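# Summary of structural features
The lines below spell out each chain.
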Amino acid sequence: MSSAAAATTANTALYSNTRFSSELLASSINAFSKTHFTTCSNSLRPKRNTRLILVPRASPPSDSAKSTEDSGKRKRRKKSDDGNGGDGEEGEDDDNRLQLSLDDVNPVGLGRKSRQIFDEVWRKFSGLGQISRTSRTDDEETLFIREGPMCEFVIPGAQNTTVLVVGATSRIGRIVVRKLMIRGYLVKALVRKADQEVVDMLPRSVEIVIGDVGDPATLKAAVEGCNKIIYCATARSTITGDLFRVDHLGVYNLCKAFQDYNNKLAQLRAGKSSKSKLVITKFKSPSSLDGWEVRQGTYFQDVVATKYDGGMDAKFEFTENGEAVFSGYVFTRGGFVELSKKLSLPLGSTLDRYEGLVLSVGGNGRSYVLILEAGPLADPSQSKLYFARISTKVGFCRVRVPFSSFRPVQPDDPPLDPFLIHTLTIRFEPRRQKPVEVNAETKQDLRSFKLILEYIKALPTGQETDFVLVSCSGLGIEPSRREQVLKAKRAGEDSLRRSGLGYTIVRPGPLEEEPGGQRALIFDQGNRISQGISCADVADICVKALHDSSARNKSFDVCYEYVAEQGKELYELVAHLPDKANNYLTPALSVLEKNT
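Residues numbered from 1 in each chain as written. Predicted model: local features only at pLDDT ≥ 70, side-chain atom pairs only at ≥ 80, totals over all residues. Heavy atoms only, no water.

### Some words on the overall build of the protein chain
Within the protein chain one finds 13 helices and 23 strands. Considering the protein chain as a whole, with its 596 residues, one finds that 41% of them fall into the buried category. Within the protein chain, contacts between residues at least 6 apart in sequence are counted, and of these 73% link residues at least 24 apart. Carbon and sulfur atoms make up 52% of the accessible area of the protein chain, which totals about 33500 Å². (Helix = DSSP H or I, 4+ residues; strand = E, 2+ residues; numbered from the N terminus. Buried < 20%, exposed > 50% of the residue type's maximum accessible area, 1.4 Å probe, protein only. Contact = heavy atoms within 4.5 Å. Areas by Shrake-Rupley, 256 points an atom, 1.4 Å probe, with all protein chains shown as cover.)

So, in structure tokens, the structure goes:
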């Protein structure tokens, strides 16, 4: 066999193997592209593969072989011109075929090129799922990102919901922002200063608002256009001033700004905000005391004690300082004094549309019994009495009393029906009074009282949470600073509960930088948890709580699953595994107590 024939045989075999490998690789890339990139926009679709005939180069042929090859080319070109009208397409294809070499089908080179193509397509493809770094001007593109097949976490109606994230650059806040964006929410981020470092932490599609939770004037622009709030901010130091400004006053200021904004919207609609409280009575003038009656009585008659009875007295007056003061003393054993009035609600308003009462009061920190009388007005004999105990603080405070906390005086009576409430009574009795924390040198007489009344309002009801607050359980804080931190956190929680907004208060254990959804979680009430939790899990709870009716008006602790310590097995902790395929939050919170 001659050298030319041997070369021809070798080239034929090489050509067959190379063509098979290249076609197999091309078909694999094409199949992968069709499977994974069909959801991309047209601009990102891979171009249709054209069939290439790969001709490897052989050793230089002899002169006779070269002349034979040239004559063959001329014959083929002539035949092509005669059959196709002389357009020369086949001739161009032949020229292109001859331009390819073995270097073009080198497996290493093909692998490198395919990887480059894949990386480029994947970068553009994954960019669709990322938060856009440019302003959204195309409505159709925005709709695709929020409702396309890539958004497996999308929540119906989220695109019409704007969430304000306070503390968006915190450990939890950064994750909350991205979870909200992935689910299709509009997000506003409240930051103290928008320097380059802060801007780089947040997606550019997030609307950044500069403000300070300690300054109410800067919060008006932050809450404008918002439907819900997630508060992740916390004081950067344990200095009392910082704790008070961020954890207590910040929550109060933001709640007030949010309520004012809702009331403003309601006025523009010539209506009333669904988040507004109903004013039952407001003590701002002497005429506001009309209809209130002061009464006194005893639970039982003690013949022996009456000989040494010191008596009791009470009065309700409007002072020169512009305050409505209910004060007096009770020295009689088993005695009490009370302030009562028949309610006169605005036309068309009934208390069954509300879920409780909130009282703004001040005084010397005594406890009282709040009594509601419910029944048909036409037949007072059918009325039932329901009571709930409330505690006040020295100075002014707000007391939230849900209707669900009222218990019937007679155990056989049915539960309270707010629609039938017609009389409200505030009672003071010396028993069960506890000394308050004041100057140790001051001697307290628990039989005297002073109650300053500012207003009594009804709290609106609702299905969803308006305000999610990330608090803390106290674990992981230095013992020397724990009391200060918890005091500020609890004061902020109380401000939220009394605001009238639907709330969810999350108290996580020590935060850990770990992926979320890896371990089961425990939801509990009573400050009994002892483990940490991932920041991602806390962020997921905050986002899920926005539309979960079982999360409204609840406070709870959450941490990783653990085995109870010796001696603490008197209760059962239920663990729930976070999973995007199911809503673990509803069964976890449905068993917890509401209005806590």
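### Observations concerning the pattern of salt bridges
Applying the stated criterion to the full structure yields 23 salt bridges. Between E464 and K228 there is a salt bridge, and its shortest N-O distance comes to 3.2 Å. A residue pair is termed long-range when its members are at least 10 positions apart, and E464 in the loop between β16 (448–460) and β17 (467–470) and K228 in strand β4 (residues 228–231) qualify at 236 residues. Residue classification places E464 among the partly exposed residues on the basis of a relative accessible area of 32%. Between R497 and E493 there is a salt bridge whose closest N-O contact spans 3.2 Å. Residue R497 and its partner E493 are located together in helix α11 (residues 479–497), separated by four residues, close to a single helical turn. Owing to a relative accessible area of 12%, R497 belongs among the buried residues under this scheme. E493 sits in the buried class, given a relative accessible area of 0%. (Salt bridge = Lys/Arg side-chain N within 4 Å of Asp/Glu carboxyl O.)

### A word on the packing of helix α9 (residues 240–268) against α11
Between α9 and α11, the shortest axis-to-axis distance is 8 Å and the interhelical angle comes to 10°. If you check the angle between α9 and α11, you find them roughly parallel. In contact with T240, L243, D247, H248, V251, Y252 and C255 of α9, α11 contributes Q484, V485, A488, K489, A491, G492, S495 and L496. Per-class residue counts for the contact of α9 with α11 are eight nonpolar, five polar and two charged. (Axes fitted to C-alpha atoms, helices over the stretch in contact; angles between N-to-C directions. Parallel < 35°, antiparallel > 145°, perpendicular 65-115°, else oblique. Nonpolar A, V, L, I, M, F, W, Y, C, P; charged D, E, K, R; others polar.)

### Some thoughts on the side chain of H422
In this fold, H422 is placed in strand β15 (residues 421–428). In this structure H422 touches K341, K342, L343, E373, A374, G375, L377 and S383, once residues within four positions along its chain are discounted.

### Quick look at the nonpolar core
Judged by nonpolar contacts, the single largest core of 40 residues is most densely connected at F316, L357, F403 and F406. The element best represented in this core is β16, accounting for five residues. Ignoring any residue separated from it by four or fewer positions in sequence, one finds F406 in contact with L370, L372, Y386, F387, A388, V401 and L416. Of all hydrophobic cores here, the second largest spans 39 residues; its members include C232, F523, C542 and Y584. (Core = buried A, V, L, I, M, F, W, Y, C linked by side-chain atoms within 4.5 Å.)

### Thoughts on helix α12 (residues 535–545)
For an α-helix, the turn length of 3.6 residues means that residues three or four places apart are oriented alike. The element α12 is largely enclosed, with a buried count of ten among its eleven residues. Inspection of α12 places C535, A536, D537, V538, A539, D540, I541, C542, V543 and A545 among the buried residues, and these make up the whole buried set. Residue S534 occupies the N-cap position of α12, its side-chain oxygen lying 3.1 Å from the main-chain nitrogen of A536. (Polar contact = N/O pair within 3.5 Å; in protein donor to acceptor, adjacent residues only side chain to side chain.)

### Regarding the packing of aromatic side chains
Counted by the stated rule, this structure contains 13 aromatic pairs. With centroids separated by 5.9 Å and ring planes inclined at 55°, the aromatic side chains of Y368 and F428 adopt a geometry described as tilted. Taken together, the positions of Y368 in strand β11 (residues 367–374) and F428 in strand β15 put the pair 60 residues apart, joining distant regions of the chain. The pair formed by Y368 and F428 is uniform in burial state, with each residue classed as buried. (Phe/Tyr/Trp six-rings, centres within 6.5 Å; stacked < 30°, edge-to-face > 60°.)

### What about the confidence of the model for the protein chain?
Low pLDDT means the predicted atomic positions in that stretch should not be read closely. Chain-level statistics for the protein chain give a pLDDT mean of 76 and a share of 68% at 70 or above. Ignoring residues within four places in sequence, the model shows residues 1–22, a span with pLDDT below 50, making 14 contacts including any to other chains. (pLDDT = per-residue confidence, 0-100.)

### Some thoughts on the side chain of K228
Using a relative accessible area of 5% as the deciding quantity, one classes K228 as buried. Among all residues touching K228, those that are not within four sequence positions of it are T161, T162, V163, L164, F258, E464, T465, D466, L546 and H547.

### Some words on the environment of T281
As for its position among the elements, T281 is in strand β5 (residues 278–282). Take T281: its relative accessible area is 8%, and that puts it in the buried class. Placed 176 residues apart in sequence, T281 and K457 show a C-alpha to C-alpha distance of 6.9 Å. With residues near it in sequence (within four places) discarded, T281 still touches S288, W292, Y455 and I456.

### Brief notes about helix α6 (residues 171–182)
For α6, the full list of buried residues reads I172, G173, V176, V177, K179, L180 and M181. Within two residues after α6, G184 carries a phi angle of roughly 100°, on the positive side.

### Considering the pairing of strand β10 (residues 354–363)
Where burial is concerned, most of β10 is hidden: ten out of the ten residues are buried. Sheet analysis places β10 next to β16, joined by nine bridges and oriented antiparallel. The residue bridging L359 from the neighbouring strand is I456, located in β16. With six bridges joining them, β10 and strand β13 (residues 397–402) adopt antiparallel strand pairing. When the bridges of β13 are listed, S360 appears paired with R398. (Pairing = 2+ DSSP bridges.)

### Observations concerning the sheet that holds strand β14 (residues 407–408)
With respect to topology, six strands assemble into an open sheet ordered β6-β9-β15-β11-β12-β14, the strand pairing being antiparallel. The sheet is open, and its two borders are formed by β6 (293–298) and β14, each paired with just one other strand.

### Looking at the environment of I522
Within the secondary structure, I522 sits in strand β20 (residues 521–524). Linking I522 and E561, residues 39 residues apart in sequence, is a C-alpha distance of 5.4 Å.

### Regarding the layout of surface pockets
Each pocket or cavity is described by its volume, and for the largest pocket that value is around 1300 Å³. Lining the largest pocket are 46 residues, and of these S170, A233, T234, A235 and R236 lie nearest its centre. When residues of the lining of the largest pocket are traced back to their parent elements, those giving at least two are α6, β2 (186–191), α7 (196–201), α9 and α11. Ranked by residues supplied to the lining of the largest pocket, first place goes to α9 with five residues. Counted by class, the lining of the largest pocket contains 21 nonpolar, twelve polar and 13 charged residues. (1 Å grid on protein atoms, 1.4 Å probe; cavity = no way out; pocket = protein on both sides within 12 Å on 5 of 7 lines; lining within 4 Å. Points joined across faces, edges and corners; volume = space filled by probe spheres on them.)

### Topic: unusual backbone geometry
Only a minority of non-glycine residues have a phi that is not negative, and only a minority of peptide bonds are not trans. At N527, a residue that is not glycine, the phi angle is positive and equals roughly 55°. Within the secondary structure layout, N527 lies in the loop between β20 and β21 (533–534). The class of N527 is exposed, set by a relative accessible area of 55%. Its identity is not glycine, yet N553 carries a phi of approximately 60°, on the positive side. One can find N553 in the loop between α12 and β22 (554–560). Overall, the relative accessible area of 0% leaves N553 in the buried class.

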